[in-house]
Amino acid sequence: MVSSDPTYDELADEYGQNGRSRSAPRGVPQDQAAEESVLGAILAEQGVYERLAGMLEPGDFMDPRHQAIFAAVLAVFDRYEAIDQITVAAELSAQGRLQEAGGQAYLNELVYELPATVGAEHYARLVQRASTYRDMIRAAGEIGELAYRADPNIGESLTQAVELLYGVRGADRRQDFRLLQDLLSDVLGDGSEEDAGVDGPTRTGFQDLDALLNEGMHASDLIVLAARPSVGKSALALTIARNAAIGQQLPVAIFSLEMSAEQVAGRLVSAESRVESARLRVGRHTEEQEGRISRAIGLLSRAEIHIDDTAGQTLAEIRAKSRNLHTRLQEQAHRRGNGHNGLGLIIVDHIQLVHGFSRAPADTNRVSEISLISRTLKEIARELQIPILALSQLSRAVERRHPPVPQLSDLRESGSIEQDADVVVFIYREDMYDRDEYQDDLVADAVHQGRNEIAQLLVAKHRHGAVGRVDVRFVPAVAKFEDFYAQPEPDEDGF
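Residues numbered from 1 in each chain as written. Predicted model: local features only at pLDDT ≥ 70, side-chain atom pairs only at ≥ 80, totals over all residues. Heavy atoms only, no water.

1. Describing the overall build of the protein
- Within the protein one finds 19 helices and 9 strands.
- Counting the 495 residues in the protein, one finds 47% classified as buried.
- Taking all contacts inside the protein whose residues are at least 6 apart in sequence as the whole, residues at least 24 apart take part in 71%.
- Counting only carbon and sulfur atoms, one obtains 50% of the accessible surface of the protein, whose full area is about 24600 Å². (Helix = DSSP H or I, 4+ residues; strand = E, 2+ residues; numbered from the N terminus. Buried < 20%, exposed > 50% of the residue type's maximum accessible area, 1.4 Å probe, protein only. Contact = heavy atoms within 4.5 Å. Areas by Shrake-Rupley, 256 points an atom, 1.4 Å probe, with all protein chains shown as cover.)

2. Re the layout of surface pockets
- There is about 540 Å³ of room inside the second largest pocket.
- Forming the boundary of the second largest pocket are 24 residues, of which S234, A235, M259, R267 and A479 lie nearest the centre.
- Within the residue set of the lining of the second largest pocket, elements represented by two or more residues are α12 (233-247), α13 (261-273) and α14 (277-282).
- Ranked by the residues each element gives to the lining of the second largest pocket, the list is headed by α13, at 4 residues. (1 Å grid on protein atoms, 1.4 Å probe; cavity = no way out; pocket = protein on both sides within 12 Å on 5 of 7 lines; lining within 4 Å. Points joined across faces, edges and corners; volume = space filled by probe spheres on them.)

3. Thoughts on empty space enclosed by the protein
- Summed over all chains, the structure comprises 4 cavities of 30 Å³ or more.
- If you trace the largest cavity, you find it lined by T204, L209, L213, M217, I223, L225, L236, I240, L389, V425 and L457.
- Listed by contribution, the elements that provide at least two residues to the lining of the largest cavity are β1 (222-227) and α12.
- Broken down by class, the residue content of the lining of the largest cavity amounts to 10 nonpolar, 1 polar and no charged. (Nonpolar A, V, L, I, M, F, W, Y, C, P; charged D, E, K, R; others polar.)

4. A few points about the side chain of R319
- Within the secondary structure, R319 is located in helix α16 (residues 315-336).
- Judged by relative accessible area, R319 falls into the buried class, the value being 17%.
- One polar contact links R319 to E383, side chain to side chain, over a distance of 3.2 Å. (Polar contact = N/O pair within 3.5 Å; in protein donor to acceptor, adjacent residues only side chain to side chain.)

5. Regarding the nonpolar core
- Counting 43 residues, the largest nonpolar core has L236, V252, I347, L389, I427, L457 and F481 as the members making the most contacts within it.
- With 9 residues, the single largest contributor to this core is α12.
- With residues up to four places along the chain from it excluded, the contact list for L389 reads I223, L225, A237, I240, L345, I346, I347 and V348. (Core = buried A, V, L, I, M, F, W, Y, C linked by side-chain atoms within 4.5 Å.)

Purely geometric stuff here, so don't read any function into it on its own.
Okay, structure coming up:
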């Protein structure tokens, strides 16, 4: 809930100890009759509270008496006792709040003047809706105060404003049980090629990896891609972004906290054209390479890849921007009448560069902050029903092992990354380490392929399926990953 406003705290003085209360101040959303009715229904009939569980909290009631009564209901329920005006009155008395709640007479009045218990859910929704509107008013007031203070750090003020808005819980908070038979139709797709790129998983573009991940990255999944620095996390993420945007024509959002948008674009063109990025920057390329670059730019220009390179972004900013872009794309798709439904993939590069909901001071517990970041990214994935690919650094512990194959315990700064992630994929490139001391064991024909092209994607956690290893080819000159058994193009000419 949004923090309280003294204007609303003063309303307690307007309520008498007994009898009906006066209405809320003019313009303040409240449904006094609904509050009385929902409490009367809970006290009058066993099982009503269970039907409403999760819909309301004490703070959702405007009348302070009703807040006290509902808090007592929760306490009685937690002790597995029957809920009625006798047990609730006893609980209020034990808390020293019986007179504050209007006394035994008011509890009896709520029950005896109740119109009917069958409409309890409807009354609860009315109370919930009025509470949400009051929260919106409070949030608007606090945002106004932020603007009046005119802090020099406008970015921090905007972050706080977004936090306040996200502190307003939606009016439809409760997600109830769903019948199995209603879900079975969603378990298997209809197998039609026409819908494969719309409602199905977002494919990585690597055949063996997609097969291991049950055809790709699924909606609401948090996929963590981890490796030591300079091993190729960003390169692999950009390859996956390219495959989703071009191969499936899905909109992709990239939060690039390490590279500028221009650098991201340059790396995409380099990988697509197979021309080294150094040649692109200085313009030293052959006529044949010029043609490849032109074709790559033409192909990538049709890819709907949205890049945000704001440095040091907070979770609130990432969440707000993701939701806004997703909603905008849904509206555009609806107007065009096509099958795509918002974003197909969100990429965060990388977790260790993200701030919590506010830009924390240097002495902040970073482990706790990383835990908050991974948990919130998972919540965003579930909220928007979009897979999120989050890049993460590995600790130095991996380099002290022999051979230095990554493990889940190497995830840097927080074990909660492992806990929150649905899929954890490590990149292992043997050429990054001294391999003279131990045998090549990546693939049988490694010696024929060139060791600097061999990489492994190690699926160390998979909540929905098997773990395993996928061999891929890494082309260091253009920082590109490819399917291992795909036929590579001829090497580019040297400088």
